[in-house]
Structure formats: C-alpha cells, structure tokens
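Residue-level structure breakdown
Now for the letters of each chain:
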Amino acid sequence: MSVYNQPRKRVIQLIILGMIALIVSRLFFLQLVDKKYSKLADANAVLKKVVYPSRGMIYDRKSRSILRNEALYDLMVTPASVKKIDTAYLCHILGIDKDEFDRRIANAIRREGRVRASVFASLLTPETYGKMQESMYLFQPGFELVLRPVRSYPYGAGASFLGYIGEISPTQLKNPAYSSYQQGDYVGLSGLENTYEDILMGQRGIQYLVKDNLNRPQGPLENGEFDTAAIAGKNLRLALDIELQLLGEKMMKGKVGSIVAIDPKTGGILAMVSGPTFDPNLLSGSYKGLNLGKLNVDTTKPTMNRAIQATYPPGSTFKPITGLIALDEGVINPSFGYPCHGGYAQCGRFIKCTHSNPGHAANLRVAMANSCNSYFMHLYRLSVDNGKWGGVVKGQVKWTEYLRTMGLGHRLGIDIPSEKAGKIPDTAALNRVYAGRWNSCSEVYVGMGQGYLDLTPLQMANAMCIIANRGSYFIPHFVESIDNDKSARLQKYKERHDVATHISDTAFNSVILGMEDVVRAGTARGAQIDGIAVCGKTGTAENYAKIDGVLTKQPNHSLFVGFAPKDDPKIAIAVIVENAGFGATYAVPIASILMEKYLTDTISVKRRPILQKMMETVTMSPRMRTKSKLDSLNSVSYIATSGEDLLKKIISH
Amino acid sequence: MNRPQAKLTTGIDWPIFGMYLALVVIGIMAIFAAEYRDGDNIVQNILHQNKNWARQVLWLSICAILALGIWLTDSKFFTATANLLYAFGILLLLLVLAMGTDVKGSSSWLAVGGFRFQPAELTKLCTNLALAKYLSSVETDFSKLRSRLIAAAMVLLPCAIIILQNETGLALVYFSFFLVMYREGLPGILLVIAFSGIVLLLSALLVDKYILLYIFTGLAALVIYFSRREIRRKRSRLALIITIWAFCSAFVIFIVPFAFTKVLKEYQVRRIEVMLGKENDPKATYNTRQSMIAIGSGGFWGKGYLKGTQTRFDFVPEQSTDFIFCTIGEDFGFVGSMLFIGLYVALMFRIIYVAERQRSTFSRVYAYGVASIIFFHLAINVSMTIGLAPVIGIPLPLVSYGGSSLMTFTMLIFVMLRLDADRQMVLR
C-alpha cells in the first residue's frame, strides 16, 4: 500500500522546505537587513568606562591656587554582595538607623539592581571616611569606597564668581552643548566654573571594557586599542588678587553691597566682592545640597552676586560721566561755570544742592570737587538740548549712546554668567514713563546720577577705568590667560574700546583733577593714601524699597568710585554699601584700604584700626540680619584655613 | 546472524554517517565557543569535566560505543523488541512523573548515580519503533479509522505524560509522528485541518474574539450563499458548515480564553504572548531578545570563531543547550547559518531518500519518523532563537549540549542505518 502514497514524499519535502524558507528569510532579515542588532550587541557587550580627567585649576595673579581638587569618597553598595556584615556598626559610623539603612539598600536595588554598585552615602566627610577606611574589611565586598573629585577652596573666598560644580541636570543633558556628558557627570553650574566649563573640564578618556551579562567588567577590549586617554583640564590664570579679594570679603561682612576693583590697563578684575558672601567650601562636598538650599532662602541673598546682578542709582559718582559727555559734545569747556545758589530752579521746580556759597561751581574742576548738583544737571540739559543734534529726542538719543559706549545700560560681557544690564534713560524708556511727552527737564536728575538710572557696581568700576585711561576701557574679565591654550577665546578681552574721543587731554584732566580734589580736600578725604595721588568721587544714593507693600524711602546707599594713582592708574574701584548712609562713612574707607593694599602691598599701621573697624561694623538692617543663618553657616568651614592665616598676616604685617 | 561476515562498515550509508559526525563535531565546537574564556586550559577542562563541551566529548565517546553496539545488533532485534521497548519507555515516563528530579521547573529528569537522564528523549525512539512495528504489521489496515486511532493513541500517550512533566516542548515533538502517518496514508485533509487549526489558534490569540466572531459569521454566510444549490441537494452540507462555524466561534470565545486562564501555566502564557509580540516586558522577552541580538549581530560573514561577544559573555541564556544556534549565527553569520541549516536539510532529505528505498514498511516508517523528529526539533529550536516561536526548551538535534538528547538522536540514526544496511531483508 505504501506505493500508492509515494507522491506524499514530495509533500513532506515541500513542508520541510517551506519551514526552512521561513527560517532563512527571517535570518536574512535579522543578519543582513536590520542593522540595529549589531549596534545593540555593542551596547550589550562593551562597557564604556569614562575616565575623568582632573579639573583645571584656577590661579590668582600671583599664581596662588585659589581652589584645589580634593578627593572625597562615595560609599558604594552592591546589594547582592552584602552578606553577614555588622549592620549596626555601619549605621553607627554613618550616623543612620536601621530603617534608613534598609531604605537605602532598597533604593539602591531599585536604581541599579542587585549586582551593580550604586551610591549608598555620597561624599563622606573626612572623619566618616577615616572611620570607614579603618573598618572597610568588615563590610567588603558589598560596600566599596569610590573616589570622587571635588573642589576645595583654601582661602574660602571668591564664592560669588568662582561658582560651583554639581551633577548635570536633566535639562542640561538635553542641550546639545552638553552632548558628551552623561547622567551623574559633574559640570560647572555657575560662575567661572560654568563659563569656562569646556576648558576646565579637560577631555574625558574612554576605556572600553568587555562585560558579561551582569555588567561585570571582564577586561579591556582588544588590549585597550580603542581607549582614549584622559587629558587634564587647562588651568585658568586670573587677574584677581586673592589677598584683595579676601580683605574685601572680610570688610563686607555684615554689610550688603559690593566691591569691584579693576586693573584699568587690562580690564582684569582684581577683586569682586558681593556682600555678604559665603564660604565656597559650603557648596562643595557632602552637604552641598543642604547648604545650597539654606543659602538660597537666606534673607541676605548670599547667592546673588551683587557686583553684577544688583543695580543701584549711582548718585554723585555719576557726575564725572555727565561732565565727560558735555565736554565731548563740546557744549562746555573746562572753564565753564554755573551760578548755583543752593539749588537748580530752571526746570520749574527747585532742586536742592548741598552747597550754596557762590563760586562753588565756578568751573568743572571746582564743581566736581564740590559735587554741585545744579552744575551737572545743567550740563545734562546742555548736552541733550544741544542744537547740533536737532531736538531733545535726538539729543537724548545721542546722550544715551554715549552711555552705551561707556558700557552702561547693557551687559559688559564679563566672563561669568547672569550679568545684569542696568537701566539708562533712553528715549524708549522716557516715552514709556512720560507717555511720550518729555523734555530735558523731565529726567534732569540723571545729570546728578539719580532718576531713571541704575548701574551695576561693575559698570561703575568700568566707568572709572574709562576716566583713569583717559577715554578707553577693556571689557572687565577675570581670566587673563589659559595655560596651553591657543584659541582666540580671550580675544574680546584684549581689545581696547575707545570712548569720548573728542576730548583733549587737558579737558580730561579737569575732570580728573576735580576728582583728585574730592579726595585731597573734599568728601573723600578718607581715601587719601600717603604718597599716592588718589582720584575719587563719593555718592550718596537715595533709594526706595517696598516694605510690607508700601514704597518706603530707605537709608541712602553709601558709594565711592575712584582710581589711583592719578597719573599711572593701576586700580579702579567701585564700592557700594547698601543703606549705610553717607558715602564717606563706609564706601570710602573700604575702597581706600583696598587701594592701599594693592598699591603698596601693605596696610600702614595707622590705618589698621580702620580696617579692623570696617571688618567689625554691621550696617545690615536688623530685619535682614536676625533671620539670616549665613554667619552660622560660614563658621562651620573646616577647610578655609589658609584664608584666616593670610588675613592675620596682612593685618599684622 | 545470517549476514555474511564482511567488513564492519558494509552497508553503512556514508552520507548520513558523515553528516551525523559533522553535526556532532560542529555542536562540540559551538558549545566550546559559547563557554571558552581566555586562559582556559583545554586539557584540564577535559580531565576535570568542568565544562559542558568537555562533558559533551565524553557523551560522544559513550555514543560511539552505543552506535557500535547498535550497528552490531541484528535488525530483527528492533522489530522484535519494539513493543517491549515502548512499554518500557512508558513505564520509565510514569516513574519519572512519580519521582523525577526537578530541573528548572520541569520534572522530567531521572537521576541515576551522578548522571541525570531525560527519559522523554529516549521514548521518542521507543515510540518510533512501536509505531513502525504497528503500521508494518499485516493485521493493520491503516485506511481504517480504528487503526488510525490506535496509531494516534500510541503517539499521544507518551506525549500526555510528558506534558504532565512540564516539558511542553518535548511533548510537541511527538506531533511529528503525524507527518509519518500522513506518509502512510493518513488523509491529507487532516494536514489541512491541522494547518487551519494553527491559523485559527493564532488568530484567536492575535485578534479580538468578537471581531473573529463577526468574520466567521460572515464567512459562513458567504459559503452558504455560494453553495446554496449544493445545500438544496444535500442538507447535511448546511449542517457541516454550521458545525464548523459553531466550533470556530466556540473555540475563540470559550476554549482559548479558558485554556489561557485555567489550563496553561502563567509562564507558558507569557512566552506565547512574547512570541506574538503582545507582551513587551523586557524580562519576559530577554531570552529571545538577547538571542536575536546575538544572531543579528553576526551579519553576513559572522564575527569569526570565538569572536562573538554575545554568546561568549553569557548574554544568551541556555547558550550551550537550547540556544546553541546563537553561537553559530553570531560567529559565522548568515553564510555559516545557511551552510549549517543546509546540512540539516541535506540530512533530512537523505533520510527521506533512504526511507523510500526500503522494502519493508517497518524500516520506511521508522526512517520517516527519524526525519520528522529531526525536522520538528530543528524548526522549533531555530524558530525560537530567531523569535519566530515561543521559547520552549527543545534541543537542536546532535548539536545542543546534553547527553540524553545526543544519545537519543545517535540511537535513532544508527538504528536507521542498521535497518538500511539490512534493507534487503523484509522485516515485520
């Protein structure tokens, strides 16, 4: 009977071939058409281990490193390997209880699974690390200590501009600029750390390891043929003088305000203080998150860099600029005088002047020395109403254009983020405020530095550079050079910006001489330094603040701007102490101490009491101070000992 | 022994013997590739028997002795003892069910001394012999329903016991005997029905049951409409159509959901759902996914022997047993896979050729049985490694690591070679 079924052999062969064809077509698709599988295989079997280079250092102008790379340790746990350990003892060392221990283990399992290591305790304090290290053999192999590089700041200074590093945020990770970063990488989040992230970070190396299915490294891939070595970050060299910075920060303790000192010849920032400030070590190490939270809610707003983020009416310190513009426009010459009798009445209202004796504004130099309000308001009006431009609007446009070229009303472009632009009375603003109807009298106060005018301390210091340099400035910047860097990165800070080009040197000198008189015999006598010709201008800026919803007049801001020495300026400075009253009381001595320290590298014995007094006085409002936790936060630092040593040396030198 | 004393190898079918040897050697090399780590001492591995490939070498030598023994046995022995062996096999299966050792969720293993043995493998041989014996006997008229039912029962009995042992994959292989029965006269319509059954099952799993109900109803209505003249002549036709419709509807609405919730184990349901692409749980798809990555990453020429990263670093589970094809797919790529599968196809076609040249029904049925078993193993095993079938643990014949499997296939093939060598004899 089998013979009859012979053709069925063919059917069976066809069934076999049909199935085989199905398998072959599937294999064809898997192995030849779809390329994703080989990519998946790479991801599967090759472990890319990132080798972190050491982050670039930051040095001050005398090559003192103002921060260090410190090695802190994370305690890592591999849950599957935790066996028979003295849990109670581990909890004791870490200062946690059993519940917390269980919770952390559970978290670790949830994050990375049982066989991979994840963080159990991050950035151990040196004491905890010490204890852990001694007893590590008790907890291995489930627990391991893993090195994490962090920054430390021996001087405890410069928090406001150095910035801090932290784990990259998910939003940053989406940014193409951070495409090379991975979750958990550290990145500069503010200040110089942020601006120069690409330079400081260096180039990360990649080590390829072959791994097994449980992600356990099995050894280098192809003997390390594809590995890339890590290249250390480049070092930044700042114009900053850490001693100056430290002194400034100490003097701003208990005060709200800021100090900006610039080398007018280069635009390099010698010191930038935002008061009150915090120890940068607080934002590095184990308690970063906690401290950042506390600093962010502190009533004194220590995380705000007031030198570039706060804007103030410049008050009388603006008068040299009003004078310069008038001179450059040619509406006056240095001998121009104004008959002030204790006030300015030409605008239909009487605006008081501090002086009423005749001749106190007989010429530019005298008016400057006496800080005559009437004189400078009049200069503003002359400039704006200058027939040459044809109309007040065009005059105002021209006037604000001058301000812009001097770096006012826009961001200067300093090399740290979050700079504010300030505000100047441009026509758009005036149209808005006065509904389109305004003349040179409407905002006449700007001539004396009040009214629609707010500048950052950085802009005020930069304006001093312009006067010190007789009409030019460099964009203020921290970084003077980058080690082993040939890029044009710092090019924009090397270019000279010329302003007020129509003024003769003699005319310039009349403004400068006026400022010298202010220090020699005027309101800023406290700024005198033996043997050095200091030029300056005090200011006392009226200001208002909303308190409980009501706009209330606040105590005046104490301001001083200046530069020294007169003929070969080496330092230009702006000091603002908020709500501290008359300019001469706080701003002048603070600026003077810093200029003396910078120019003579010492503080004369007779002026040490002033320094002491400045460091101790508190001008902050009790409201702000009583609720602030800043001082207690700053007092816990255990790293910034070099700062204290240096300070002692300066004082007792 | 009425054979003339001649050379030991007289009558051996060399192509089959050669392909057998080639597959076993490829298998050992593949197991070696799956396990080898830099620095392994091969001699020590052999001496200490601490690697699967080394154990497989030992199994091969045992198989060599076994094969020689079979080769020296008279063909009549197999026909004579077929039923006895079948009874012994069933007994062994029941024994395992009662006192089996649990290995990875299946209780189909029997531990004897230091060795573990899987009788479900061996009973394939017993069943094949018994089926051949039954179909070749003079009393059997396979065109009768009764004979067919007896034959089916002979196959389904071990199958049922094996399912109870939680070895669904191995049980499935017993359905390969229906291919043999088809060759021996089982109506072709049964194959069509079986195929339709598979299509029905797949659609029941993939498509919403109520949509299927509408489709069946629509189809039934169309069939009735177009065959209305026939129906007028023959009322039973209408009844048939309605019965089929009712069965299909009941199948998708009641039977499949019932099977899924009550009969099948949860892991089985998951595996089926994974295969159908219904389930995206990475843990459930892990095996298939890793296996597909390994094979897919082989590309055209493969990564080269011992160069595969997936199989060598334990990404693919069960890589020396059920997933051994991954190693070949990864190391030797598309070309290697084609040659490898081609070798199997050649073996199966050669066995069919050998089967058709037999004079005795016993030998022919037996040989077809061998070809069908190899075919089912190959198709299901390779399909599961490339994501065409759910992961059911059945080995790749002669290649996968495992003593029971290697021994069973060795015996299957060598009994066939013996029978073929004596094809001039008429065996009953």
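Residues numbered from 1 in each chain as written. Chains lettered and ligands numbered in written order. Predicted model: local features only at pLDDT ≥ 70, side-chain atom pairs only at ≥ 80, totals over all residues.

Re the overall build of chain A
Rules: Only DSSP runs of H or I with at least four residues qualify as helices, and only runs of E with at least two residues qualify as strands; both kinds are numbered from the N terminus onward. Residue burial here comes from a neighbour count, namely the number of other C-beta atoms, placed from the backbone, that lie within 10 Å of the residue's own C-beta, with 20 or more meaning buried, 12 or fewer meaning exposed, and in between meaning partly exposed. The contact criterion used is a C-beta to C-beta distance within 7 Å, with each C-beta placed from the backbone.
A count of helical and extended segments in chain A gives 24 helices and 20 strands. The buried share of chain A, reckoned over its 653 residues, is 43%. Pairs at least 24 apart in sequence give 73% of the contacts found in chain A among residues at least 6 apart.

Here's the deal with the overall build of chain B
Scanning chain B for helices and strands turns up 18 helices and 3 strands. For chain B, the proportion of its 428 residues judged to be buried stands at 46%.

Observations regarding the interface of chain A and chain B
Formally: Three classes are used: nonpolar for Ala, Val, Leu, Ile, Met, Phe, Trp, Tyr, Cys and Pro, charged for Asp, Glu, Lys and Arg, and polar for all others, with Gly counted as polar.
Each partner contributes to the interface: chain A provides 31 residues, whereas chain B provides 37 residues. Of all the elements in the fold, those that place two or more residues in the side of chain A that touches chain B are helix H1 (8–33), helix H2 (36–45) and strand E8 (205–211) of chain A. Here the element with the most residues in the side of chain A that touches chain B is H1(A); it accounts for 16 residues. Looking at the side of chain A that touches chain B residue by residue, the class counts come to 17 nonpolar, 8 polar and 6 charged.

Points about the pairing of strand E12 (residues 268–275) of chain A
Residue and element names in this part refer to chain A. Rules: A pair of strands is labelled paired if DSSP reports no fewer than 2 bridges between them.
Most of E12 sits out of view: 8 of its 8 residues are buried. Direction of pairing for strand E11 (residues 257–263) relative to E12: antiparallel, over a ladder of 7 bridges. When the bridges of E12 are listed, Val 260 appears paired with Met 272. Counted between consecutive antiparallel strands, the loop separating E11 from E12 contains 4 residues, among which Gly 267 sits at a positive phi close to 85 degrees.

Description of unusual backbone geometry
All names here are of chain A. Residue Gly 275 is joined to Pro 276 through a cis peptide bond whose omega torsion reads -10 degrees. Look at the link from Ala 564 to Pro 565: it is a cis peptide, with omega at -15 degrees. Here Pro 565 lies in the loop between strand E19 (550–564) and strand E20 (571–577). In the Ramachandran plot, Lys 301 falls in the positive-phi region, its phi being about 45 degrees despite a non-glycine side chain. Following the sequence through the fold, Lys 301 ends up in the loop between helix H11 (288–297) and helix H12 (306–309). On the basis of neighbour counts, which here come to 19 C-beta atoms within 10 Å, the residue Lys 301 falls in the partly exposed class.

Considerations on helix H19 (residues 505–521) of chain A
Residues and elements named next belong to chain A. Note the following rule: Every helix has an expected span of 1.5 Å times one less than the residues it contains.
The end-to-end C-alpha distance of H19 is 23 Å, a good match for the 24 Å that 17 residues give at a rise of 1.5 Å each. Those residues of H19 not exposed but buried are Ala 507, Phe 508, Ser 510, Val 511, Ile 512, Leu 513, Gly 514, Met 515, Glu 516, Val 518 and Val 519. Against the buried residues of H19 lie helix H13 (319–329), helix H14 (364–370), helix H18 (457–468), strand E18 (535–547) and E19.

A closer look at the sheet that holds E20(A)
Residue and element names in this part refer to chain A. Here is the rule we go by: In this analysis, axes come from line fits to C-alpha atoms, helices being fitted only over the stretch in contact, and the angle between any two N-to-C directions falls in the range 0 to 180 degrees.
Pairing is antiparallel across the open sheet formed by 5 strands, whose spatial order is E12-E11-E20-E19-E18. Strands with a single pairing partner mark the edges of an open sheet, and in this sheet they are E12 and E18. Geometrically, the sheet is characterised by an average inter-axis angle of 10 degrees between neighbouring strands, direction not taken into account. Contacts between H18 and the sheet are confined to E11, E19 and E20, with E20 contributing the most and set at about 150 degrees to the helix. Helix H20 (residues 587–600) rests against E11, E12, E18, E19 and E20 of the sheet, and its axis sits at about 150 degrees to E20.

As for the sheet that holds strand E2 (residues 58–59) of chain A
Residue and element names in this part refer to chain A. In spatial order, the strands read E2-E10-E16; together these 3 strands make up an open sheet with mixed pairing. Bordering the open sheet on either side are E2 and strand E16 (479–482), each of which pairs with just one other strand. With 3 bridges connecting them, strand E10 (residues 236–238) and E16 associate as antiparallel partners. By the bridge assignment for E16, Arg 237 is matched with Ser 481.

Let's talk about H1(A)
An α-helix turns once every 3.6 residues. As a result, residues three or four positions apart point the same way. Compared with the 38 Å implied by 1.5 Å per residue over 26 residues, the 36 Å span of H1(A) between its first and last C-alpha is a close match. For H1(A), the complete set of buried residues consists of A:Ile12, A:Ile16, A:Leu27, A:Leu30 and A:Gln31.

Thoughts on the environment of A:Lys234
Residue and element names in this part refer to chain A. Its location among the elements puts Lys 234 in the loop between strand E9 (217–220) and E10. Judged by C-beta crowding, with 19 C-beta atoms within 10 Å, Lys 234 ranks as partly exposed. Along the backbone, Lys 234 and Asp 198 are 36 residues apart, and their C-alpha atoms lie at a distance of 9.2 Å. Excluding residues that lie within four positions of it along the chain, Lys 234 makes contacts with Gly 56, Ile 199, Ile 482, Asp 483, Asn 484 and Asp 485.

Structural notes on the environment of B:Phe177
Residues and elements named next belong to chain B. Looking at where Phe 177 falls in the secondary structure, it is placed in helix H8 (residues 177–183). Between the alpha carbons of Phe 177 and Thr 127 there is a distance of 9.0 Å; along the sequence they are 50 residues apart. Ignoring sequence-local partners within four residues, the contact set of Phe 177 consists of Thr 127, Leu 131, Val 155, Gly 369 and Ser 372.

Topic: the confidence of the model for chain B
Spelled out, the test is: The predictor attaches a confidence to each residue, and that confidence, scored 0 to 100, is pLDDT.
The share of residues in chain B with pLDDT of 70 or more is 90%, and the mean pLDDT across the chain is 84. At the level of chain-chain contacts, confidence expressed as ipTM amounts to 0.86, with global pTM at 0.58.

Structural notes on the pairing of E20(A)
Residue and element names in this part refer to chain A. With 7 of 7 residues buried, E20 lies mostly within the body of the structure. Across the two faces of E20 the burial is the same, with Ile 571, Ile 573, Val 575 and Val 577 and Ala 572, Ala 574 and Ile 576 all buried. Where E11 lies against E20, 6 bridges are found, and the strand directions are antiparallel. By the bridge assignment for E20, Val 260 is matched with Ala 574. The sheet contact formed by E19 and E20 spans 7 bridges and is antiparallel.

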